Amino acid sequence: MNGDLAPVAARARGLVEDAGRALARAQQVEWVSDAADRYRATLTAAQQAVLRTRTLLDAAQHALAVHDTAALDAHADARSSVAQRLLSGGR
């Protein structure tokens, strides 16, 4: 993965996972009331947002991996082309 973005992606993944765990713990309320129902509904919406974020992060990480592979391939092709020109006397 891109050297500059890999640590950022890893931190983002950790934050998303932390948020999911915190929301799961927050759902464990024992009280019953209208406020509790609204609280649980808000937590459910937040958990859905975490799942969407996780999906988007997965897609971004996949795109970065594809980009990195393409960049490595292009770099290897360029090196090969330069080597071939050097070996053929620059023609």
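Residues numbered from 1 in each chain as written. Predicted model: local features only at pLDDT ≥ 70, side-chain atom pairs only at ≥ 80, totals over all residues. Heavy atoms only, no water.

Novice: Before we go on, may I ask you to explain the overall build of the protein chain in this structure?
Specialist: Assigned secondary structure in the protein chain consists of two helices and zero strands. Judged by the C-alpha coordinates and their principal axes, the protein chain covers about 85 × 15 × 10 Å. In the protein chain, of all internal contacts separated by at least 6 residues, the share reaching a separation of at least 24 is 57%. Accessible surface, the protein chain: about 6700 Å² in total, of which carbon and sulfur atoms supply 62%. Each charge sign in the protein chain was given a centre, from 11 positive and 10 negative side chains, and these centres are 5 Å apart. (Helix = DSSP H or I, 4+ residues; strand = E, 2+ residues; numbered from the N terminus. Contact = heavy atoms within 4.5 Å. Areas by Shrake-Rupley, 256 points an atom, 1.4 Å probe, with all protein chains shown as cover. Lys, Arg positive; Asp, Glu negative; His and termini not counted. Charge placed at Lys NZ, Arg CZ, Asp CG, Glu CD.)

Novice: Is there a simple way to explain helix α2 (residues 34–87) in this structure?
Specialist: Structural remark: α-helix, 3.6 residues per turn; residues separated by three or four positions point the same way. Between the first and last C-alpha of α2 there are 79 Å, a value that for 54 residues agrees with the 80 Å anticipated at 1.5 Å per step. Taken as a whole, α2 has its buried residues at A36, L43, V50, L57, L64 and D68. If you follow the buried residues of α2, they end up packed against α1 (6–26). At the C-terminal side of α2, G89 shows a positive phi close to 85°. (Expected span 1.5 Å × (residues − 1). Buried < 20%, exposed > 50% of the residue type's maximum accessible area, 1.4 Å probe, protein only.)

Novice: Before we go on, may I ask you to explain the packing of α1 against α2 in this structure?
Specialist: Packed helices, taken two at a time, are described by the angle between their axes plus the distance between the axes. Contact geometry of α1 with α2 gives a least axis separation of 10 Å together with a crossing angle of 160°. What the angle tells us is that α1 and α2 run roughly antiparallel. Helix-helix and strand crossings are classified by hand; for α1 and α2 the assignment is left-handed. Side by side, α1 and α2 meet where A9, A12, R13, V16, E17, A19, G20, L23, A24 and A26 of the first sit next to Y39, L43, A46, Q47, V50, T53, R54, L57, D58 and Q61 of the second. Per-class residue counts for the contact of α1 with α2 are twelve nonpolar, four polar and four charged. (Axes fitted to C-alpha atoms, helices over the stretch in contact; angles between N-to-C directions. Parallel < 35°, antiparallel > 145°, perpendicular 65-115°, else oblique. Left-handed = near helix turned anticlockwise from the far one by under 90°. Nonpolar A, V, L, I, M, F, W, Y, C, P; charged D, E, K, R; others polar.)

Novice: Help me out: how do you make sense of the pattern of salt bridges in this one?
Specialist: Pairing between side chains of opposite charge can happen when their charged atoms approach one another. One pass over the full model with this rule turns up five salt bridges. Salt-bridge contacts for R13 lead to D58; the nearest nitrogen and oxygen are separated by 1.9 Å. Here the residue R13 occupies a position in helix α1, and D58 occupies one in helix α2, the gap between them amounting to 45 residues. Salt-bridge contacts for E17 lead to R54; the nearest nitrogen and oxygen are separated by 3.0 Å. Linking E17 in helix α1 with R54 in helix α2, this pair joins segments that are 37 residues apart in sequence. Note on R54: relative accessible area 22%, which makes it partly exposed. Among the charged side chains, a salt-bridge network with shared partners connects R13, E17, R54 and D58. (Salt bridge = Lys/Arg side-chain N within 4 Å of Asp/Glu carboxyl O.)

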